[in-house]
Amino acid sequence: GADYLPTVIIWQILITTILAVFPGTIVGNSIFAYDQQRLFIKSAAIGALSNVALDFWLIPAWGGPGSAVATVIAQLVTNLFLWTRLRKINPLIINPRLKFIILAALGMALSIVALKFFGLHLIINVSLAGLIYLGLLYILKEPILLWPKF
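Residues numbered from 1 in each chain as written. Predicted model: local features only at pLDDT ≥ 70, side-chain atom pairs only at ≥ 80, totals over all residues. Heavy atoms only, no water.

### Topic: a positive patch on the surface
Heads up, the condition is: Here a patch means residues that are over 30% exposed by relative accessible area and free of salt bridges, tied together within 9 Å if like-charged and within 5 Å if nonpolar (Val, Leu, Ile, Met, Phe, Trp, Tyr). Per-residue accessibility takes into account occlusion by the displayed protein chains alone, with areas from the Shrake-Rupley method and a 1.4 Å probe. We define a salt bridge as a contact between a side-chain nitrogen of Lys or Arg and a carboxyl oxygen of Asp or Glu at a distance within 4 Å. Only four residue types enter the tally: Lys and Arg on the positive side, Asp and Glu on the negative side, with His and both chain ends excluded. A charged residue contributes its charge at one atom only: NZ of Lys, CZ of Arg, CG of Asp or CD of Glu. Counting from the N terminus, the helices are DSSP H or I runs at least four residues long and the strands are E runs at least two residues long. Summary of the burial criterion: residues with accessible area below 20% of their type's maximum are buried, those above 50% are exposed, and those between are partly exposed, where the area comes from a 1.4 Å probe applied to protein chains only.
A cluster of like positive charges, contributed by R38, K42, R85 and K88, occupies part of the molecular surface. Counting residues per element, the ones that place at least two in the positive patch are α3 (37–62) and α4 (64–89). Judged by relative accessible area, which is 32%, R85 ranks as partly exposed.

### Digging into helix α5 (residues 98–117)
The following threshold applies: A helix is expected to span 1.5 Å multiplied by its residue count minus one. Working note: the arc is built from the helix axis to C-beta atom directions. Contact definition: two residues touch when any of their heavy atoms are within 4.5 Å.
With 20 residues, α5 extends 29 Å between its outermost C-alpha atoms, agreeing within 8% with the 28 Å of an ideal straight helix rising 1.5 Å per residue. Along α5, the residues classified as buried are A104, S111 and L115. Seen from one end, α5 has its buried residues packed into an arc of 30°, which puts them on one side. In α5, those exposed residues whose orientation departs by more than 90 degrees from the buried face are K99, L110, V113, K116 and F117. Check the buried side of α5 and you find it contacts α6 (122–139). Of the residues one or two after α5, G119 is the one with positive phi, at around 75°.

### A short note on the packing of helix α2 (residues 18–33) against α3
A pair of packed helices can be characterised by two numbers: the angle between their axes and the separation between those axes. Heads up, the rule is: Where helices are involved, their axes are fitted lines through C-alpha atoms of the stretch in contact, as for all axes, and angles between N-to-C directions lie from 0 to 180°. Our angle categories are set so that under 35 degrees counts as roughly parallel, over 145 as roughly antiparallel, 65 to 115 as roughly perpendicular, and the remainder as oblique. All residues other than Ala, Val, Leu, Ile, Met, Phe, Trp, Tyr, Cys, Pro, Asp, Glu, Lys and Arg, Gly among them, are scored as polar; the first ten of these are nonpolar and the last four charged.
At a minimum axis separation of 7 Å, α2 and α3 run at an interaxial angle of 140°. Judged by the angle between their axes, α2 and α3 are oblique. Counted together, G28, I31 and F32 of α2 and Q37, L39 and F40 of α3 form the full contact between these two elements. Residues that form the contact of α2 with α3 fall into these classes: four nonpolar, two polar and no charged.

Take a look at the structure:
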């Protein structure tokens with residue numbers, strides 16, 4: 001109800017942590033796989049300390065939304081620390097075509113918004129957006145979609 005309306009901005013800020021949590025989980029599991037739990041403990045300490053420091057700085061100025069921003073930044077700092085340490089343990093190579101996959105995903109997102117604007121039913125919208133995504137991947141020559149040449 002209306003009583004919860006002031007917390008919407010806090011929730012909107014905190015929902016962005018999903019972008020850090022999913023990759024952070026993979027990196028954290030990789031740290032464990034390399035038997036480097038101490039790094040994980042260090043990263044948790046860095047995250048907690050940075051969150052507290054940012055809370056002291058941002059809460060007086062912005063209140064609850066400031067605390068949410070502090071949490072997001074602390075999560076990103078923690079993930080950056082773990083990522084840089086993991087790259088020293090195992091120099092990972094991210095898919096060099098990831099930029100094309102992201103570009104196709106952005107094209108799909110824009111098509112969803114455009115199709116929604118025209119009032120298409122949700123199932124039709126999602127189906128067309130999926131086809132647009134696959135089409136963009138094909139146009140960008142994503143190897144997984146190309147037939148093998150015999």
